[in-house]
Amino acid sequence: MTDSKYFTTTKKGEIFELKAELNSDKKEKKKEAVKKVIASMTVGKDVSALFPDVVNCMQTDNLELKKLVYLYLMNYAKSQPDMAIMAVNTFVKDCEDPNPLIRALAVRTMGCIRVDKITEYLCEPLRKCLKDEDPYVRKTAAVCVAKLHDINAQLVEDQGFLDTLKDLISDSNPMVVANAVAALSEIAESHPSSNLLDLNPQSINKLLTALNECTEWGQIFILDCLANYTPKDDREAQSICERVTPRLSHANSAVVLSAVKVLMKFMEMLSKDLDYYGTLLKKLAPPLVTLLSAEPELQYVALRNINLIVQKRPEILKHEMKVFFVKYNDPIYVKLEKLDIMIRLASQANIAQVLAELKEYATEVDVDFVRKAVRAIGRCAIKVEQSAERCVSTLLDLIQTKVNYVVQEAIVVIKDIFRKYPNKYESVIATLCENLDSLDEPEARAAMIWIVGEYAERIDNADELLESFLEGFHDESTQVQLQLLTAIVKLFLKKPTETQELVQQVLSLATQDSDNPDLRDRGYIYWRLLSTDPVAAKEVVLAEKPLISEETDLIEPTLLDELICYIGTLASVYHKPPSAFVEGGRGVVHKSLPPRTASSESTESPDTAPAGAPPGEQLDVIPTQGDLLGDLLNLDLGPPVSGPPLATSAVQMGAVDLLGGGLDSLIGAPNFVAPPAAAVPANLGAPMGSGLSDLFDLTSGVGTLSGSYVAPKAVWLPAMKAKGLEISGTFTRQAGSISMDLQLTNKALQVMTDFAIQFNRNSFGLAPAAPLQVHAPLSPTQTVELALPLSTAGSVMKTEPLNNLQVAVKNNIDVFYFSTLYPLHILFVEDGKMDRQMFLATWKDIPNENEAQFQIRDCPLSAEAVSSRLQSSNIFTVARRNVEGQDMLYQSLKLTNGIWVLAELRIQPGNPSFTLSLKCRAPEVSQHVYQAYETILKN
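Residues numbered from 1 in each chain as written. Predicted model: local features only at pLDDT ≥ 70, side-chain atom pairs only at ≥ 80, totals over all residues. Heavy atoms only, no water.

The cut-off we apply is this: UniProt positions are given in the numbering used here, feature names are shortened, and annotations may be inferred rather than shown by experiment.
An unreviewed UniProt entry annotates the protein chain as AP complex subunit beta of Moschus moschiferus. In its Subcellular location (unreviewed entry) section, the UniProt record describing the protein chain reads: "Endomembrane system". Here the protein chain is described in UniProt, under the heading Sequence similarities (unreviewed entry), as follows: "Belongs to the adaptor complexes large subunit family."

Here you go:
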């Protein structure tokens with residue numbers, strides 16, 4: 001008879017009857033009653049009223065009955081903590097039972113009862129079970145320690161259970177070792193700072209010995225633990241790899257992926273020249289291929305992991321292209337993933353095979369899959385140059401099919417092919433233009449418009465084609481409107497006489513009739529460019545474009561290295577670090593691959609830049625279409641170029657030559673060029689401070705005699721405007737060197753890397769003297785402080801206001817722009833003291849209309865204190881006189897570009913207001929020099 005009868009009773013007074021049966025003297029009747037209680041509990045009835053009666057049934061030798069009672073106990077102990085204490089004595093007794101199964105059952109149940117009052121009573125029985133003679137009891141007790149630690153971590157540490165757990169790693173039984181490792185790993189994850197798994201070569205040897213004999217889940221725990229170990233050299237790494245390799249042939253796919261994780265991590269330390277390295281690559285391929293014969297869900301997980309492996313080491317699977325060919329009965333999610341891997345593995349050797357497959361896929365019935373297949377053909381053309389011609393002809397064949405979505409995808413990828421191989425395949429434009437009417441998707445329409453605008457001089461009726469799009473301008477998506485605006489402006493610059501009406505029409509639509517700020521702004525910029533300086537407009541709009549990169553969707557190298565450490569986990573399926581999807585960040589540790597030993601050279605694949613490469617070696621950043629600043633500044637975010645200012649820069653300053661002149665022309669050095677500021681080491685310990693806000697809100701910060709005044713840091717770029725990156729900073733000048741002291745804070749959920757910085761042209765040629773070096777990836781919530789050395793040898797262009805600095809910062813997420821005002825006193829040089837005769841002659845020589853007067857109020861300092869404080873910021877007192885009880889200070893300063901500024905400061909003792917007179921050949925500097933005086937004297 002089955003147990004279903006226990007679920008079917010409908011008698012009244014059920015609880016009362018069960019109570020009577022539970023207190024029966026007959027063992028069989030008791031057992032039946034407990035089964036009925038468990039059945040009621042299982043279907044959701046509340047049988048907690050029977051707690052004391054069920055607990056009385058614990059005192060039995062019958063293992064089956066004991067298991068049922070323990071099951072009941074685990075369920076209701078939380079709601080009846082006071083009653084649960086009644087069971088403690090039985091637990092203690094059961095932990096000394098001669099039957100090891102009962103001892104293990106008791107300790108397992110104790111770990112599952114999450115009641116604080118009971119935990120302290122369980123320490124003694126648990127201690128005994130951890131040292132039990134039977135391995136089954138010891139392995140159960142090891143897991144119980146992890147459960148107890150979750151309830152009361154302090155208790156576990158005080159009782160010394162963690163040390164006992166560490167001792168179990170040396171146990172003779174492999175299952176005990178595996179459970180001890182699992183328990184310690186679990187505890188270590190919730191307490192990342194504690195060094196619980198203190199792995200050394202001896203303990204690693206014990207783990208590897210246990211690996212061969214424990215169950216499959218035990219093997220996974222041990223392999224995951226090995227993956228967290230960093231070998232001391234390549235020899236040890238090779239030895240571990242040799243002992244882990246047999247796990248690759250295991251039937252359980254989780255064991256295989258854990259073994260692959262260990263091998264991928266330790267391969268990083270092996271030299272590519274080793275014979276063993278080549279052998280290992282060959283051994284890794286078959287198990288990965290075998291994973292693809294499992295059911296679709298497992299295949300998908302395997303493919304997501306293989307995607308990471310192929311990005312890190314494409315050579316492992318380069319000969320296995322065929323296994324990624326799509327089968328007719330594969331689910332769509334498997335098909336799309338296989339397609340992705342096919343493109344990653346595409347090379348000159350197998351491109352013919354791949355293209356034949358892709359062409360076949362493009363005639364399938366699944367629309368999403370066909371779209372991706374057509375895109376894949378374009379990606380192959382961009383990746384393997386030799387195949388580009390064949391890819392283009394395949395795409396043309398597909399366009400001839402006249403299948404709407406195929407044609408649209410083909411046009412989108414052909415646009416990218418034109419970007420990659422300019423002036424090579426433009427002969428196909430005529431075919432593309434024939435399909436203009438069938439385009440209804442924004443991306444395809446935008447791509448076609450870009451092609452027409454870019455190659456307007458080769459298309460006879462380009463104006464008619466663009467005019468046809470213009471008719472429904474307001475119904476188009478923003479992407480198409482922006483592209484149409486740019487294309488018509490390009491057309492106008494190439495054929496000005498024929499398209500004047502067209503360009504006026506589009507500019508009017510974009511600026512006057514549009515609500516979209518991006519579109520309006522771009523329209524106004526083009527309008528102003530075309531009306532003020534057509535030559536400049538041509539340089540901006542028809543500038544040469546950077547070639548697009550081969551692999552646009554590669555995972556950023558540092559993130560890829562982290563994900564390799566998480567092979568076989570959710571992170572490897574999501575392709576995101578755990579910190580991005582684990583709530584609260586508890587137990588999330590950022591992992592990275594071990595550093596390469598001296599004997600092993602770079603193992604990066606040629607397609608990806610090394611993670612630590614300087615920003616100059618990274619790909620050019622192409623600002624997005626709607627990015628106004630990107631279009632205007634055309635910033636190249638490589639390392640700064642140190643060199644003399646441009647020859648034309650003097651003209652750009654208008655009437656006043658801010659580059660030089662001033663007193664130097666008087667002295668007889670007409671060709672004077674300010675020497676570039678010496679480069680400062682990046683780790684210069686300059687004081688940290690701020691920018692714009694402190695020019696007006698001068699409340700804190702103390703000037704020191706060792707260097708000029710440093711304002712406190714201000715937030716220049718708030719996190720909400722930069723996708724989580726917050727930048728604060730200030731400017732400093734010390735020992736003749738200028739630096740920008742930055743504080744970068746990551747308030748996003750993902751790691752930030754690949755930082756680079758660039759300045760727009762500015763009045764004084766300020767430019768970075770070295771790349772922005774953030775040495776380690778910036779983790780979420782992490783802050784890093786660094787000093788960026790600046791030179792004054794950059795390109796010069798007069799800005800409004802004069803001390804405005806536009807900055808672009810790039811990281812792996814995006815490019816961000818901000819502007820700040822730098823205090824002018826950072827440009828005051830150390831050799832700015834003029835001798836008296838020269839001061840007198842220059843003061844007379846500068847016209848009186850160049851003199852400016854200012855009042856400095858609320859500054860109760862003596863003349864000596866004023867002179868001393870200003871000298872620390874390179875404003876030098878040339879002479880001092882007392883006229884009718886007033887102190888007169890005559891001062892000089894020199895800017896980095898050679899401009900001299902002369903000052904007369906009148907100080908009336910007892911009066912906190914000073915009068916400052918400034919004379920300079922470039923009078924627009926005076927206001928900013930006065931602000932510098934105020935800043936220095938009031939802080």
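More follows now that the structure is in view.
### Things to note about unusual backbone geometry
One can expect most non-glycine residues to show negative phi and most peptide bonds to be in trans. Which entries qualify depends on this criterion: Starting at the N terminus, helices and strands are each numbered in turn, a helix being any DSSP run of H or I of at least four residues and a strand any DSSP run of E of at least two. When a residue's accessible area, from a 1.4 Å probe over protein chains only, is under 20% of the maximum for its type it is buried; when over 50% it is exposed; and in between it is partly exposed.
Between Glu-800 and Pro-801 the backbone carries a cis peptide bond, its omega angle lying at -5 degrees. Mapped onto the elements of the fold, Pro-801 is located in the loop between strand 6 (783-791) and strand 7 (804-810). Despite not being glycine, His-575 has its phi angle at roughly 60 degrees, a positive value. Along the polypeptide, His-575 turns up in the loop between helix 32 (570-574) and helix 33 (628-633). The phi torsion at Asp-858 lies on the positive side, around 55 degrees, for a residue other than glycine. Mapping Asp-858 onto the fold places it in the loop between strand 9 (851-856) and helix 38 (863-871). For Asp-858, a relative accessible area of 63% corresponds to the exposed category.

### Brief notes about the pattern of salt bridges
Rules: In the sections that follow, a salt bridge refers to a side-chain nitrogen of Lys or Arg positioned within 4 Å of a carboxyl oxygen of Asp or Glu.
Scanning the entire structure with this criterion turns up 32 salt bridges. Residue Asp-561 is joined to Lys-312 by a salt bridge in which the shortest nitrogen-to-oxygen separation is 2.8 Å. Taken together, the residues span a long stretch of sequence, with Asp-561 in helix 31 (residues 557-564) and Lys-312 in helix 18 (residues 296-312) at a distance of 249 residues. For Lys-312, a relative accessible area of 5% puts it in the buried group. Here Arg-445 makes a salt bridge to Glu-476, at a shortest N to O gap of 2.6 Å. Here Arg-445, found in helix 25 (residues 442-454), pairs with Glu-476, found in the loop between helix 26 (462-470) and helix 27 (478-494); they are 31 residues apart in sequence, far enough to count as distant. For the pair formed by Arg-445 and Glu-476, the shared burial category is buried. Three or more residues are tied together by salt bridges with common partners; here these are Arg-371, Arg-375, Glu-409, Glu-441 and Glu-443.

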